[in-house]
Amino acid sequence: MPRKVGPYTVTLLETGEFALDGGAMFGVVPKTLWERTNPPDSSNRIDMALRIMLIQGPGKNILVDTGIGDKWDEKYKAIYRISHARYSLEKSLKEAGLKFTDITDVIMTHLHFDHCGGCTYQEKGQLKLMFPQATHFVQKEQWEWANRPLEKDRASFLKENFEPLSHAKLKFLEGESEIYPGIHVLISHGHTRSQQVVKVTDGKQTVFYCADLIPTSSHIPVPYIMGYDNFPTIIMEEKRKILEQAVKENWILCFEHDPKVSACTVCKDPEKGRFALKEKFSF
Ligand SMILES: [Zn+2]
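Residues numbered from 1 in each chain as written. Predicted model: local features only at pLDDT ≥ 70, side-chain atom pairs only at ≥ 80, totals over all residues. Heavy atoms only, no water.

Brief notes about the pairing of strand β16 (residues 275-281)
Argument step 1. With five bridges connecting them, strand β15 (residues 263-268) and β16 associate as antiparallel partners. Bridging from a neighbouring strand, Val266 pairs with Leu277 of β16.
Argument step 2. The turn joining β15 and β16, which pair antiparallel and follow one another in sequence, is formed by six residues; a positive phi near 75° is taken by Gly273. (Pairing = 2+ DSSP bridges. Helix = DSSP H or I, 4+ residues; strand = E, 2+ residues; numbered from the N terminus.)

Concerning the packing of aromatic side chains
Argument step 1. Inspection of the entire model under this criterion finds 14 aromatic pairs.
Argument step 2. Plain terms: the ring middles of Phe26 and Tyr224 are 6.4 Å apart, the flat faces sit at 85° to each other, and that makes the pair edge-to-face. Placement of Phe26 in helix α1 (residues 22-26) and of Tyr224 in the loop between β13 (206-209) and α8 (232-248) is noted, with a sequence separation of 198 residues between them.
Argument step 3. Where Trp72 meets Tyr80, the ring centres are 5.8 Å apart and the plane angle is 75°; that geometry is what we call edge-to-face. Here Trp72 and Tyr80 have matching classes, each one buried.
Argument step 4. Every member of this aromatic cluster is reached through a ring pair, and the members are Trp72, Tyr76, Tyr80 and Phe113. (Phe/Tyr/Trp six-rings, centres within 6.5 Å; stacked < 30°, edge-to-face > 60°. Buried < 20%, exposed > 50% of the residue type's maximum accessible area, 1.4 Å probe, protein only.)

Quick notes on the pattern of salt bridges
Argument step 1. The final tally for this structure, using the stated rule, is 13 salt bridges.
Argument step 2. The residue Arg51 makes a salt bridge to Glu14 at a minimum N-O spacing of 2.8 Å. Of this pair, Arg51 sits in strand β3 (residues 45-57) while Glu14 sits in strand β2 (residues 8-21); the two residues are 37 residues apart in sequence, bridging distant segments of the chain.
Argument step 3. Connected via shared salt-bridge partners are Asp41, Arg45, Asp47 and Arg81. (Salt bridge = Lys/Arg side-chain N within 4 Å of Asp/Glu carboxyl O.)

Some thoughts on the coordination of the zinc ion
Argument step 1. The protein atoms that coordinate the zinc ion are His110 (NE2), His112 (ND1), His191 (NE2) and Asp212 (OD), at distances spanning 2.1 to 2.2 Å.
Argument step 2. The site at the zinc ion holds four donor atoms, and with the angles between them running 89 to 171°, its shape is irregular.
Argument step 3. One chain supplies every donor to the zinc ion, and in sequence these donors are spaced H-x1-H-x78-H-x20-D. Of this pair, His110 sits in the loop between β5 (105-107) and α5 (113-116) while Asp212 sits in the loop between β13 and α8; the two residues are 102 residues apart in sequence, bridging distant segments of the chain. Across the pair, exposure class does not vary: His110 and Asp212 are buried alike. (Donors = N, O, S within 2.8 Å, 3.2 Å for Na, K, Ca; no water. Tetrahedral: all angles 85-135°; square planar, octahedral: opposite > 155°, others 65-115°.)

Okay, here's the thing in C-alpha cells:
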C-alpha cells in the first residue's frame, strides 16, 4: 500500500536483484556477525535489492534513483548476479500505472552504477535516455567526482549511465535543498562526495530514503559501515546524526538494498546507546 505524506503518495518500487561480496558490504564487521542476517552464497556474495522510491504529487511523478539498468554483458551479470527475472523498472512502473514518459523528475542520490543505471538504455549501439521528459537532479560535486573519481570507487562509476545526461534536462544542486515543498535533499559525504539522501515530510510524518548512507536494515548500528565507503569516520558521524533525529521524530527509513526489509522506524537502547530496528513497514 502506498503511503500518504502531505500532498504526496510514496511508493517503493523493486527494479531488480543483484549480489555483492558480503565482506565488502560490512567492512570491518566479522563475517560471523553479518552472516546471521545476510547469509552468503558459495562465492561469499549476499542478496541485494534494487529498491527505488516513487513520489507522486500534484502534476509530478518523481523517482529517487533508477536501479542498475540493463546494459550489462553476460560476464558482469554473472559477477554481480544481476537478475530482472522477478522485478524490473518497467514492470514496477507499469504496476504503478506509469510509462517512462510520465516521469517528470529523477533525483539521483549518487552516480554509482547500482543507483543510476536505469537512467539510460542502449538501442542499436546508441545510448538513449530512459526518461526523456524528466528533469534529472544531481549534486554538482558528485557529478565532478564521478568524472574524476578516486581509485577506490572508480569501478562504481560507469560513464554510459550518466554521460548522456548532459543532453537531458539536468539540474545541478549545490548542497541541501528543498526541491519541491516537503521534498528535501540532505548531503552525506562519507560514502562518496555529495551523496544526496531524500526526506519527504509534511511536518508530522517523515519518510527518509537512505540510499548508501544506510543501505540495509543490518547497517543500522553505527559501526556497521561498508568497505566501499570512501570516508569511514565521516559516514559514522553522519549516520549517528540522522539516526538520532529519526528516533526523536519517528521517521520511516527506506532501504535501497535490503533484500527483506524495505522500510522501518528505529529506536535507541537507552543504556548501550545502540540504534536498532523498531517496526517494519512496506509500501
Ligand atoms: Zn554507492
